[in-house]
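In case you want the letters, here they are:
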Amino acid sequence: MQISESWLREWVNPDIDTAQLLKIVTMAGLEVDGTEPAANVFSGVVVAEVLACDKHPDADKLSVCSVSDGKDTFQVVCGAPNVRAGLKVPFALVGAVLGEDFRIKRAKLRGVESCGMLCSSEELGLAETADGLLELPGDATIGMDIREYLQLEDTLIEIDLTPNRGDCLSIKGLAREVGVLTRTAVTFPHIETIPASIELEFPVELASPSDCPRYLGRIIRNINPDAETPLWMQEKLRRCGLRSIDPVVDVTNFVLMELGHPMHAFDFDKLQGGIRVRRANAGEKLVLLDGREVSMTQETLVIADHDKALAMAGVMGGKHSAVGASTRNIFLESAFFDPVAIAGRARSYGMHTDAGHRYERGVDYSLAPLAMERATALLLEIVGGEAGPVTEALASLPQKSPILLRRKRISALLGLSLPDGEVEDILQRLGLELLENTAEGWIFTVPPWRFDISIEADLIEELARVHGYDHLPVSLPTARMKLQKVPESRLPVRDLRRTMVNLGYQEVVTYSFVDCELDRVLREDGEIAGSQLALSNPISQDMAVMRGSLWPGLIVTLKHNQNRQQNRLRLFETGLTFINKNNVLEQKAKVACLLWGAAMPEQWAERERSLDFYDIKGDIEILTGTSQMVSYAADTHPALHGGQSARLELHGKTLGWIGALHPRLQQELDIPGKIYIAELNLDMLCKRQVPVNAELSRFPTVRRDLALVLPQGVKADEVLAVLGESAGELLLELSVFDQYQGDNIEKGKKSLALGLTFQHSSRTLSDSDINPIIDSCIKALEAKFNAELR
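Caption draft 1: Structural view of helix H2 (residues 18-27). Three or more residues of H2 are buried, namely Leu21, Leu22 and Val25. Buried residues of H2, seen end-on, are gathered within an arc of 95° and therefore sit on one face of the element. The exposed set on the far side of H2, more than 90 degrees from its buried face, consists of Ala19 and Lys23. In the core, the buried residues of H2 are packed alongside helix H1 (5-11), strand S2 (31-37), strand S11 (155-160) and helix H4 (171-182). The backbone nitrogen of Ala19 has a side-chain oxygen 3.3 Å away, supplied by the residue at the start of H2, namely Asp17. Backbone geometry just after H2 places Gly29 at a positive phi near 100°.

Caption draft 2: Structural context of the sheet that holds strand S19 (residues 309-312). Overall, mixed pairing links the five strands, which are arranged S12-S15-S18-S19-S20 in an open sheet. At either end of the open sheet lies a strand with only one pairing partner, and these are strand S12 (204-206) and strand S20 (316-317). Two elements, S19 and S20, share two bridges in a ladder whose sense is antiparallel. Looking at the pairing, Met312 lines up with Met316 of S20.

Caption draft 3: Local environment of the packing of helix H12 (residues 420-429) against helix H13 (residues 456-467). For the pair H12 and H13, the least separation of the axes is 10 Å and the interaxial angle reads 95°. Taken together, the axis directions place H12 and H13 in an arrangement best described as roughly perpendicular. Packed against H12, whose contacting residues are Glu422, Val423, Ile426 and Leu427, the element H13 presents Leu459, Glu462, Leu463, Val466 and His467 at the interface. Its residues assigned to classes, the contact of H12 with H13 shows six nonpolar, one polar and two charged.

Caption draft 4: Quick peek at the state of the cysteines. This structure, assessed with the given rule, holds zero disulfides. The thiol sulfur of Cys78 is not disulfide-bonded, and the nearest other cysteine sulfur, from Cys65, lies at 5.3 Å. Residue classification places Cys78 among the buried positions, given a relative accessible area of 6%.

Caption draft 5: Inspection of unusual backbone geometry at higher detail. Phi at Asn222 takes a positive value of approximately 65°, unusual for a residue other than glycine. When you line up the elements, Asn222 lands in the loop between strand S13 (214-221) and helix H5 (231-239). The partly exposed category is assigned to Asn222, whose relative accessible area is 47%. Of note, His651 is a non-glycine position whose phi angle comes to about 55°, a positive value. Mapped onto the secondary structure, His651 falls in the loop between strand S34 (640-650) and strand S35 (653-661). Judged by its relative accessible area of 63%, His651 falls in the exposed class.

Reading the values: the criteria
Residues numbered from 1 in each chain as written. Predicted model: local features only at pLDDT ≥ 70, side-chain atom pairs only at ≥ 80, totals over all residues. Heavy atoms only, no water. Buried < 20%, exposed > 50% of the residue type's maximum accessible area, 1.4 Å probe, protein only. Helix = DSSP H or I, 4+ residues; strand = E, 2+ residues; numbered from the N terminus. Arc of directions from axis to C-beta. Contact = heavy atoms within 4.5 Å. Polar contact = N/O pair within 3.5 Å; in protein donor to acceptor, adjacent residues only side chain to side chain. Pairing = 2+ DSSP bridges. Axes fitted to C-alpha atoms, helices over the stretch in contact; angles between N-to-C directions. Parallel < 35°, antiparallel > 145°, perpendicular 65-115°, else oblique. Nonpolar A, V, L, I, M, F, W, Y, C, P; charged D, E, K, R; others polar. Disulfide = S-S within 2.5 Å.

As structure tokens, then:
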């Protein structure tokens, strides 16, 4: 939010400079993002009056003007379309400097001498563009320095408020906060009740009282459509980042920035029957002020008459009932909407408005009558007219329970004891009402503008904030600290991360919110409807569901890097995935990796080679080797290439998947080159067998090699499992060192060469020990697989 320091100091003016003010505000939790001057640097510009205005003899679009600065009269050539006799404007004298180095000099324009320049708001840095001269009020003092007249020695302050401090989204709220922090009195403007001059009312009905418990309306008749917003109001709005539109809209925006209460004005002549605050009908259409037509859901609160919806409540008005150049009668709205009813509604339609920004954070529900009177007074002053009585529809307003604040709790949380007088002073200056002072502590009620205070800890936070975080004592924790036991059977996730980094992977951390379609096609249950966990209020369309796999984040990261000319990537991520099972959320911790591009970085000693399935399989074997023996089973996954995918199993349960991304998906994603991905269950992977200490044997090992002819469909894992069971306790190591298919091998079969290493702990093994074991292994293989020795 952007505010003007000079406007703030009209309400509260502590005896400190701008830098001190910004520091105090920031240290209290209202972070100042930046500052800038209210206008460009310029000098030598005064208020002047155009005495006469004639056409240039040699240029149709130029005028020759006689301009007075109160002392002298100057001839000035001007091209502005709105220049005319009697107009008061900013006048840059000869020698004036605009901006850094633009100096005004005497010049001839089409043969006519010009002594100075009449200025627009753009040339003074008050606006980005301007269609003509900046017109000053008729009572502007001629000859007065324009910086002094417009009070341009001002600083614009950009404040980044956290969502809980909606009470500071106005000059009034910030002034109240600064007054508390600096112990300075706040000067609130006196707002009188405007008596009705006509007896004309428009009925109001609350069809959804829980969403809108308070609605005020007032008719103002016979306004002047030709009236203009006074310059002082235009300037205050400009310095808050709002442009002037027309007097009625400007007044509602002024009240918004001054008091923090959003308002809206309808063209009364376009309303039918009365106002009805209700929920929208499913699919009900509304054309908004920005020209967009939206189809509303039943969750959307609307302001309607007896015929149609007029506005999206608390967000934006409708175009049909908007105030325009032909409007003579208006209906002024001032309402309180429940934050829950407004929260997220603007974003769900792709909008963000100042009104919605405030209402979803909470607006003071006692402020609506005051805002109505303030806006009425300003409108009658600027556009005239006749005001009717205020019509109010009132339901049950929010009620806040009293809060007990204990003295012991203050010292326990802050580490210091505040005097009773300081506690009461701080909280009462913040607007809290002291109900009772007991031996245990105090009982306070919360003001209606503080939606962020509801429990004792909130009060203590306010004490710390106002007392000063930098004034709190620094001390070491006094609680007994005890390290949590970590079972040896659990492999730390950091060890897995370290393994992946050592293999050349880079860790990424991606959003848990992903694109709905990308998530669906990459899930193992991709065809199962309802398994996705959709967000009710997504940030954007590509972050609409909670991820069911880590693969979407890795692939989005791949595309991001590919678009920036990266030609080789090894990525991994650990994190939670989310599955909706019969409306029950199931979270699983997983680790996933992705390989793409060249197998090795470009170098002179290695030939370039693309990655293949065995690159990622080798990495996964190293990763799972730190845990337990994992088996691979050929299987299909909706997201993986049918001929290059496998399901990993551990103790008969699915550990994860590995393979190449399906060519169809790769084509849709427009990524050249094959993508290899894997994803494993992190909880299963981190379980490991506790190492057992055993004495090393001093006796030599004995190795036997077997060359077997087996049916082609027999897996090596199955052969190893049979050998491991048949070889007994003397088997030390078992490995496959060759596989052959071709000449001298019957079609449909393969040759598998295996090495068996034996060792005894207390003696040297002989052939008489080994041969029976080998015979037993061969018989078992013959029986199980019809294997033959080659």
